[in-house]
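Examination of the molecular architecture
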Amino acid sequence: MKEIVVASHNAGKLAEFRAMLSDYTVLSPKDLNITTDVEETGDTFYDNALLKARALFEISGRPSIADDSGLCVDALNGAPGVFSARYSGGGDAENIDKLLNDLDGVKDRTAHFECCIVYYDGKDIISATGKAYGYITDKRMGNGGFGYDPVFFSDDLGKTFGQASEHEKNIVSHRARALQALKDSLLLG
């Protein structure tokens, strides 16, 4: 079975990659004793995912995939975007507080989560993007998920990602859609 290294230390994300890429032995950096973190200096999700996939390939010598994702709010001209994880300078709770404050009094709260996944094997670069559409609620709803999930109301699910089960979210999430598109591309390649 072919090996592929996923640039993530997140157990939930790794489980999702392992389930979707069952034709591969999916390894994490931890499995290979790799502790390097790549600084996300790109201007786009693609740029950041490619930076991480290339760095992981150079260290491991194995085909690698990396993703970058974030929340894009229409009324904020796509912000927080690539800065989603560091929007407030604090953690998830502070990011949500800043987002809700920035949207205070704003009627159009449409938004989408976007994920770009890049595969790199030293010669081929394959990328795929997935999006999940919805809007930002005016308060937290649900305790599930992470990041902005409690304030992102999914058009597909009719509830926030914070209210959804992990299974429900993984069916319609931006990451699941990007990963499915990448899997389809890898099978064709």
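Rules of the game
- Residues numbered from 1 in each chain as written.
- Predicted model: local features only at pLDDT ≥ 70, side-chain atom pairs only at ≥ 80, totals over all residues.
- Heavy atoms only, no water.
- Helix = DSSP H or I, 4+ residues; strand = E, 2+ residues; numbered from the N terminus.
- Buried < 20%, exposed > 50% of the residue type's maximum accessible area, 1.4 Å probe, protein only.
- Contact = heavy atoms within 4.5 Å.
- Pairing = 2+ DSSP bridges.
- Arc of directions from axis to C-beta.
- Polar contact = N/O pair within 3.5 Å; in protein donor to acceptor, adjacent residues only side chain to side chain.
- Salt bridge = Lys/Arg side-chain N within 4 Å of Asp/Glu carboxyl O.
- Core = buried A, V, L, I, M, F, W, Y, C linked by side-chain atoms within 4.5 Å.

Moving on, we get to the environment of Asp102. One can find Asp102 in helix 3 (residues 92-102). Since its relative accessible area comes to 28%, Asp102 is described here as partly exposed. Sequence separation between Asp102 and Lys139 is 37 residues; the distance between their C-alpha atoms is 13 Å. Ignoring anything within four residues of it in the chain, the contact list for Asp102 reads Leu76 and Tyr87.

Turning our eyes to something else, we now look at the sheet that holds strand 4 (residues 110-120). As summarised here, the arrangement of the seven strands in space is 2-1-3-4-5-6-7, forming an open sheet in which the pairing is mixed. Each edge of the open sheet is held by one strand with a lone partner, namely strand 2 (24-27) and strand 7 (159-160). Relative to strand 5 (residues 125-136), strand 4 is paired through 11 bridges, and the arrangement is antiparallel. For Glu114, the partnering residue across the bridge sits in strand 5 and is Lys131.

Now for helix 1 (residues 11-20). Considered for burial, the residues of helix 1 that qualify are Lys13, Leu14, Glu16, Phe17 and Met20. All buried residues of helix 1 project into a common sector of 160° when viewed along the axis, lining one side. Opposite its buried face, helix 1 presents the exposed residues Ala11 and Ala19, each directed more than 90 degrees away. N-capping of helix 1 is provided by Asn10, with a side-chain oxygen placed 2.8 Å from the backbone N of Lys13.

What follows deals with the pattern of salt bridges. Scanning the entire structure with this criterion turns up 11 salt bridges. The salt bridge involving Asp67 is made with Lys13; its shortest N-O contact spans 3.1 Å. Remark: Lys13 occurs in helix 1 and Asp67 occurs in strand 3 (residues 64-73); sequence separation between them is 54 residues. You'll find Asp67 and Lys13 in the same group, each marked buried. Residue Glu40 pairs with Lys52 through a salt bridge whose shortest N-O separation is 2.8 Å. With Glu40 in the loop between strand 2 and helix 2 (45-60) and Lys52 in helix 2, this residue pair connects regions lying 12 residues apart in the sequence. Salt bridges sharing partners connect three or more residues here, namely Lys13, Asp67 and Arg175.

It is worth spelling out the nonpolar core at this point. Ranked by internal contacts, the top residues of the largest apolar core, which has 18 residues, are Phe17, Leu21, Ile65, Ile117 and Leu182. When contributions to this core are tallied by element, the ones reaching two or more residues are strand 1 (2-6), helix 1, strand 2, strand 4, strand 5 and helix 5 (174-188). For this core, the leading source of residues is helix 5, giving four residues. With residues near it in sequence (within four places) discarded, Phe17 still touches Val6, Val26, Ile65, Asp67, Ile117, Arg175 and Leu179. With 17 residues, the next largest nonpolar core counts Leu71, Tyr148, Phe152 and Phe161 among its residues.

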